[in-house]
Every structure is written in C-alpha cells, then in structure tokens.
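Notes for the structure review
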Amino acid sequence: MKIQTQGLIIRERTIGESDRLVTVLTGDEGVLHAFARRAKNLKDSKNSATGLLCYSRLNLYKGRDKYIINEAFPLEVFFGLRKDIGNLALAQYFCELAAELVPDGVESGSHLRLVLNALHFLSEGKKPGTLLKPIVELRMLSLSGYMPDLVCCAQCGAYEAGRMYFKINRGTIYCEKCFLETGDPCAVLSPAALSAMRHIIYSDFEKVFSFSLTEGALRELGEAVEVYTIHILQKRLQTLNFYHSLF
Ligand SMILES: [Zn+2]
C-alpha cells in the first residue's frame, strides 16, 4: 500500500554503505520506522530529507511489518540549529523524548506540532532553550497520558500557598502544612513556577509557549519538570546527559 505523509526525522541509523533506517514522527501515523535505500548517497533526493531533524514530505510503501521510503522531499531543515551546539543537543533531546513517548501508528498531530514549534523557536533563536525544555517535556508527557494533577493541594484542596511542593512519584502538589505530613521526595515550587506548570499543561496549544519567568522561577520549573520526566521514563536519556554535559 502506498501512502504519503509528512514527518520529522527523530532518529537515523546507517545500514550497510548507503542505506538508512529512520524513525519518523508523523501527525497521522504516529511514530513510524522506515527504510530508505541509497539515502546516504549525496546525489539522492532522499539524502537531506531523511537526515536527523529534517521535516519532510514522504512517499512510503507500507509493507506487512515495515515502511519503505520511495521518495522524500525536505520541507524544513531547521538550519539555525546547527549554529549552536547547545540548541542542537536540546533539539536531539526533544527527538529522543518523542521517540520514547509517542506510540507507533496512533494519530499524533499534537506531539508533532509541539516539537516542530519548539524547533522553530530554537532554530530562530526566538526563545531560550531553558524555557522551551520544560514546555516540551511537560506538555508531551501530558499528551502521552502522564499529566500531573496541579489543580490544588492533594490533601486539603488549597489552591495557592507561599510555596507548594510537587510530589514527583505521584504527580500531585501539596501545601507546606500537608507536605510536612508526607515523606516522599518533592520539588519546591514558588507561585510563579507553579502557575507556569499549570499553564503548560492546561492552556490551549496556541498559548503554550507564551509566558516568561524570572531566572529563579525558571530554574525551579526546569528542575521539577526534569525530575518528573526522568521518573516517568524510569531512566535518563542519553541526549539529556549530553545536553547537561555542555553547561
Ligand atoms: Zn494542603
């Protein structure tokens, strides 16, 4: 069966001398794995269109258990990402996160849109990586069924407090009084960091990237969301380790 789709190349591996096996994040087919013959050949149009971080239009043949890429055309190569190793490393982390969290063969337009928007902001230098990282992590986890419950203190129902405590292993928040009665590991959140987390998971997509934070609140947000992401994945991704090794 022949299909046409558009997707972001989130993983690539060379097979033999000139072939490539790629993982693609598409809107309509979720994550798919496809084989591209002669894609490493510089003269082949599939060369740039099947490279990591390229958003491409793909003509695929869908076999019984795998896809074969007949033709591929690059639509967006995010050239600006190559200018900064930190941005490139973060973009690769977003790809690995998607490869971990997006299911195969299920409609995933929201995941794709989230990553493409983040790559656009990174590539154009329009928003800092430190802001984009927790947005992509937390929104993607929420889209994938791991949305934390940040409405109010899980014990007494308080909506706001001087400090709130995000309980990593349950994905719930506690006010100071109730936190003292529990013993689990928590991340401390100022009101600004908590409202940013609420914004990331509850806002409409059009607004998800539209907020700013002070440096201190951004650090709290980044730490809480990263620890929660590692807890859900039950591991630290290689690309995350590489990103941190740069700073
Ligand atoms: Zn409470």
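What you see is a predicted model; the values in this text were computed from it and never measured. (Residues numbered from 1 in each chain as written. Predicted model: local features only at pLDDT ≥ 70, side-chain atom pairs only at ≥ 80, totals over all residues.)

**Description of the overall build of the protein chain**
- In terms of regular secondary structure, the protein chain is built from 8 helices and 9 strands.
- Relative to the compact-globule value of 18 Å for 247 residues, the protein chain shows a C-alpha radius of gyration of 20 Å, a close match.
- Projected onto the principal axes, the alpha-carbon positions of the protein chain cover approximately 65 × 40 × 30 Å.
- The buried share among the 247 residues of the protein chain stands at 37%.
- Excluding contacts between residues fewer than 6 apart, the proportion of contacts in the protein chain whose partners are at least 24 apart in sequence is 57%. (Helix = DSSP H or I, 4+ residues; strand = E, 2+ residues; numbered from the N terminus. Rg over C-alpha atoms; globule rule 2.2 N^0.38 Å. Buried ≥ 20, exposed ≤ 12 C-beta atoms within 10 Å, placed from the backbone. Contact = placed C-beta atoms within 7 Å.)

**Concerning helix H2 (residues 85-101)**
- For H2, built from 17 residues, the straight-helix expectation of 24 Å at 1.5 Å per residue is met to within 8% by its first-to-last C-alpha distance of 24 Å.
- Within H2, 12 of the 17 residues are buried, which leaves the element mostly enclosed by the surrounding structure.
- The complete set of buried residues in H2 reads Asn87, Leu88, Ala89, Leu90, Ala91, Gln92, Tyr93, Phe94, Cys95, Leu97, Ala98 and Leu101.
- Along its buried surface, H2 packs onto strand E1 (2-15), strand E2 (19-26), helix H3 (109-124), helix H4 (129-143) and helix H8 (238-245). (Expected span 1.5 Å × (residues − 1).)

**Observations concerning the environment of Phe121**
- Relative to the elements of secondary structure, Phe121 occurs in helix H3.
- Residue classification places Phe121 among the partly exposed positions, given that 18 C-beta atoms sit within 10 Å.
- Remark: the alpha-carbon pair of Phe121 and Phe78, spanning 43 residues in sequence, is separated by 9.8 Å.
- Each residue touching Phe121, except ones within four places of it in the same chain, is listed here: Lys126, Lys127, Leu132 and Phe209.

**A word on the domain arrangement of the protein chain**
- Assigned domains within the protein chain: domain 1 (2-76) and domain 2 (79-147 + 185-245).
- Each of domain 1 and domain 2 has a C-alpha centre, and the two are 25 Å apart.
- In this complex, domain 1 contributes 14 residues to the contact, which on the side of domain 2 involves 17 residues.
- Secondary structure elements with two or more residues in the side of domain 1 that touches domain 2: E1, E2 and strand E3 (31-36).
- When grouped by side-chain class, the residues that make up the side of domain 1 that touches domain 2 number 7 nonpolar, 4 polar and 3 charged. (Domains from an automatic or database assignment. Nonpolar A, V, L, I, M, F, W, Y, C, P; charged D, E, K, R; others polar.)

**A look at unusual backbone geometry**
- Its identity as a non-glycine residue notwithstanding, Arg38 has a phi of 60°, on the positive side.
- Summarising the element assignment, Arg38 is placed in the loop between E3 and helix H1 (46-49).
- Arg38 sits in the partly exposed class, given 13 other C-beta atoms within 10 Å.
- Of note in the backbone geometry, Gln234 takes a positive phi value of approximately 65° without being a glycine.
- Along the chain, the position of Gln234 falls in the loop between helix H7 (215-233) and H8.

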